[in-house]
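# Structural description and commentary
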Amino acid sequence: TSSYKDPVLYGLVDGTKKYITNGSREQLYDLATDPEQKKDLAEDSPDQCKQYKELLVGWHRYQPAYLDRFVVH
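Residues numbered from 1 in each chain as written. Predicted model: local features only at pLDDT ≥ 70, side-chain atom pairs only at ≥ 80, totals over all residues. Heavy atoms only, no water.

### Some remarks on the overall build of the chain
- Secondary structure assignment for the chain yields one helix and three strands.
- Helices (α) and strands (β) of the chain occur, in sequence order from the N terminus, as β-β-β-α.
- Counting across all 73 residues of the chain, residues that qualify as buried make up 26%.
- Considering only intrachain contacts with a sequence separation of at least 6, the fraction spanning at least 24 residues in the chain is 24%. (Helix = DSSP H or I, 4+ residues; strand = E, 2+ residues; numbered from the N terminus. Buried < 20%, exposed > 50% of the residue type's maximum accessible area, 1.4 Å probe, protein only. Contact = heavy atoms within 4.5 Å.)

### Here we look at the side chain of Ser45
- Within the fold, Ser45 resides in the loop between β3 (26-30) and α1 (46-68).
- Taking relative accessible area as the criterion, Ser45 reaches 18% and is therefore assigned buried.
- At 3.1 Å, the side chain of Ser45 forms a polar contact with the backbone oxygen of Leu41. (Polar contact = N/O pair within 3.5 Å; in protein donor to acceptor, adjacent residues only side chain to side chain.)

### As for the sheet that holds strand β2 (residues 17-21)
- With antiparallel pairing, the three strands of this open sheet are ordered in space as β1-β2-β3. Two strands lie at the open edges of the sheet, namely β1 (10-14) and β3, each paired on one side alone. Geometrically, the sheet is characterised by an average inter-axis angle of 10° between neighbouring strands, direction not taken into account. (Pairing = 2+ DSSP bridges. Axes fitted to C-alpha atoms, helices over the stretch in contact; angles between N-to-C directions.)

### Quick word on the environment of Asp30
- Within the fold, Asp30 resides in strand β3.
- Overall, the relative accessible area of 14% leaves Asp30 in the buried class.
- The contact partners of Asp30, leaving out residues within four places of it in the chain, are Thr16, Lys17, Pro35 and Leu41.

Nothing here speaks to function; it is geometry throughout.
Spelled out as structure tokens, the structure:
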């Protein structure tokens, strides 16, 4: 998902993990053990954050091609 506020936020949920980034700051939560998202796990999980960020970058790059399929020519 993404937001169009300033700053723009991108996020994903993978099972019980929730990852959020604005491109420079990252947050990672385990919703099973921390449903109120009070303990940010990003600092202790750099590999997982890198993986999630790469997934979001790929998703973001794909969006123009996906949305172009719906343009009426």
